[in-house]
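The chain contents come next:
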Amino acid sequence: MKVRPTGVIPPMTTPFRKDGEIDTKLVAPQVDWMIGAGAHGVAAGGSTGEGHTLDHEEYRDLMTATVEAVRGRIPVIAGIIVDSTRDAIRRGKLVRDMNVAALQVTPVHYLFKPDDEAMVAHFRAMADETGMPIIIYNVVPWSYLSPALLTRIMTEVPLVVGVKQSAGDLKLFADLMMMAPDKLIYSAVDALMYPSYTLGAHGSIAAILTAAPHASVALWDAVKSGDHPRALALHKKLLTLWNAIIADNLPACTRYAQTLQGLPKTYPRAPMPEASPSQQAATRKALEALGALDGRHTEAAE
């Protein structure tokens, strides 16, 4: 890898207009907001960005706009959420000529789950065809990869450089940290960022970072400096926000949280509904407790 992205890496929301089309000029304000909050990188085209809804042209346009907005200031990770090796390779090749640090790729996740050999072959083919570093996004419940299989893939396919470990089982995260200590292990266990960091996570890529980047960076910094009372206080407030936004329309709730903090209003892509009135109220209350609505971002736990 040219760079090993570590730290807080928010997965950006994709700025859809009400008619469902992408407004690429709204990518830059979000990038600048993330960088202003202290983010160490950004991801685009992932699940928070509803990347599974993008066609190839939209995907390339989104990644182009993201890389141009970042201007080399922080690493960019390109999300890929598709259901075939062929399509995954094609999307990887679409961004191969851009300043992208790595691909973030979900296991294929249609109705039928590939067996272990097919899964290894999938990531080997992606690496061989794109020549790009790959981070496995281990998130799909019915296609969830065990720490043993993840470690095998990373061992047999050197360009698979890490894992974004999702779901709520912290033991699986801890096992993976022990089994693959030389790889990049990111936490996407949104409710448990504090213990993930104390276990040695190299960083995080998760929706909670996108909804509250200032407090999320403050939590990372607190753990790194050994200020555990502050880290625990931030954890509790971020957990309250997570409980407000976690739902089947999580990307919509995440973008609502961003709008409350000053980003232009955007919309989820149909058929995902916008945040409901009760979700909006709970999100606003949680952000107020974090100090995210009055400029006191980094003093949220004090």
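Structure: above.
Worth saying up front: this structure is predicted, and the values here are computed from it rather than measured. (Residues numbered from 1 in each chain as written. Predicted model: local features only at pLDDT ≥ 70, side-chain atom pairs only at ≥ 80, totals over all residues. Heavy atoms only, no water.)

Chemist: Pulling in residues and values, what's your account of helix α1 (residues 27-36)?
Modeler: Taken together, the buried positions of α1 are Val27, Gln30, Val31, Trp33 and Met34. When α1 is viewed along its axis, its buried side chains cluster within an angular range of 160° and face the same direction. (Buried < 20%, exposed > 50% of the residue type's maximum accessible area, 1.4 Å probe, protein only. Helix = DSSP H or I, 4+ residues; strand = E, 2+ residues; numbered from the N terminus. Arc of directions from axis to C-beta.)

Chemist: Go over the packing of aromatic side chains, please, and point to the residues and values.
Modeler: For the coordinates displayed, the defined rule picks out 1 aromatic pair. Both rings, one in tyrosine 197 and one in tryptophan 220, keep their centres 4.9 Å apart while their planes meet at 90°; by these two values the pair is edge-to-face. A residue pair is termed long-range when its members are at least 10 positions apart, and tyrosine 197 in helix α7 (residues 193-198) and tryptophan 220 in helix α9 (residues 213-225) qualify at 23 residues. Across the pair, exposure class does not vary: tyrosine 197 and tryptophan 220 are buried alike. Stacked on the ring of tyrosine 59, the Lys or Arg arginine 91 has its end atom at 5.4 Å from the ring centre. Across from the ring centre of tyrosine 137, 3.7 Å away, lies the NZ or CZ of lysine 164, which sits over that ring. (Phe/Tyr/Trp six-rings, centres within 6.5 Å; stacked < 30°, edge-to-face > 60°. Lys NZ or Arg CZ within 6 Å of the ring centre and 35° of its normal.)

Chemist: Account for the pairing of strand β3 (residues 76-80), naming residues and giving values.
Modeler: Burial of β3 is extensive: 5 of the 5 residues sit out of reach of the surface. Along β3, one buried face is formed by Val76, Ala78 and Ile80 and the opposite face, lined by Ile77 and Gly79, is buried too. Pairing between strand β2 (residues 42-44) and β3: 3 bridges, direction parallel. Bridging across to β3, alanine 44 finds its partner in alanine 78. Strand direction decides the pairing type here: β3 and strand β4 (residues 102-105), joined by 4 bridges, are parallel. Considered in β4, the bridge of alanine 78 is made with leucine 103. Read as a crossover between parallel neighbours, the route from β3 over helix α3 (residues 85-94) to β4 is right-handed. (Pairing = 2+ DSSP bridges. Right-handed = clockwise from strand over helix to strand, strands pointing away.)

Chemist: So what's going on with helix α5 (residues 147-156)? Residues and values would help.
Modeler: Looking at α5, one finds that the buried residues are Pro147, Leu149, Leu150, Thr151, Ile153 and Met154. Buried positions along α5 lie against α4 (116-130), β5 (134-138), β6 (160-165), α6 (170-179) and β7 (184-187). (Contact = heavy atoms within 4.5 Å.)

Chemist: So what about the sheet that holds strand β8 (residues 203-204)? Which residues, and what values?
Modeler: Strand order in the open sheet formed by 8 strands is β1-β8-β7-β6-β5-β4-β3-β2, and the pairing between neighbours is parallel. Two strands bound the open sheet, and with one partner strand each, they are β1 (7-8) and β2. Pairing of β1 with β8, which is carried by 2 bridges, proceeds in the parallel orientation. Bridging across to β8, valine 8 finds its partner in serine 204.

Chemist: Provide a residue-level description of empty space enclosed by the protein, including the pertinent values.
Modeler: One pass over the structure, following the stated rule, counts 3 cavities of 30 Å³ or more. In this structure, the largest cavity encloses a volume near 80 Å³. For the lining of the largest cavity, the elements supplying multiple residues, two or more each, are α1 and α11 (250-260). If one sorts the elements of the lining of the largest cavity by residue count, α11 sits on top with 3 residues. Per-class residue counts for the lining of the largest cavity are 5 nonpolar, 5 polar and 1 charged. (1 Å grid on protein atoms, 1.4 Å probe; cavity = no way out; pocket = protein on both sides within 12 Å on 5 of 7 lines; lining within 4 Å. Points joined across faces, edges and corners; volume = space filled by probe spheres on them. Nonpolar A, V, L, I, M, F, W, Y, C, P; charged D, E, K, R; others polar.)

Chemist: Describe in detail unusual backbone geometry, supporting the description with residues and values.
Modeler: Note that the residue after alanine 270, namely proline 271, is joined by a cis bond; omega there is 15°. Structurally, the position occupied by proline 271 is in the loop between α11 and α12 (277-290). Positive phi, close to 55°, is recorded for arginine 71, a residue that is not glycine. What makes arginine 71 exposed here is its relative accessible area of 58%.

These figures capture arrangement, not role.
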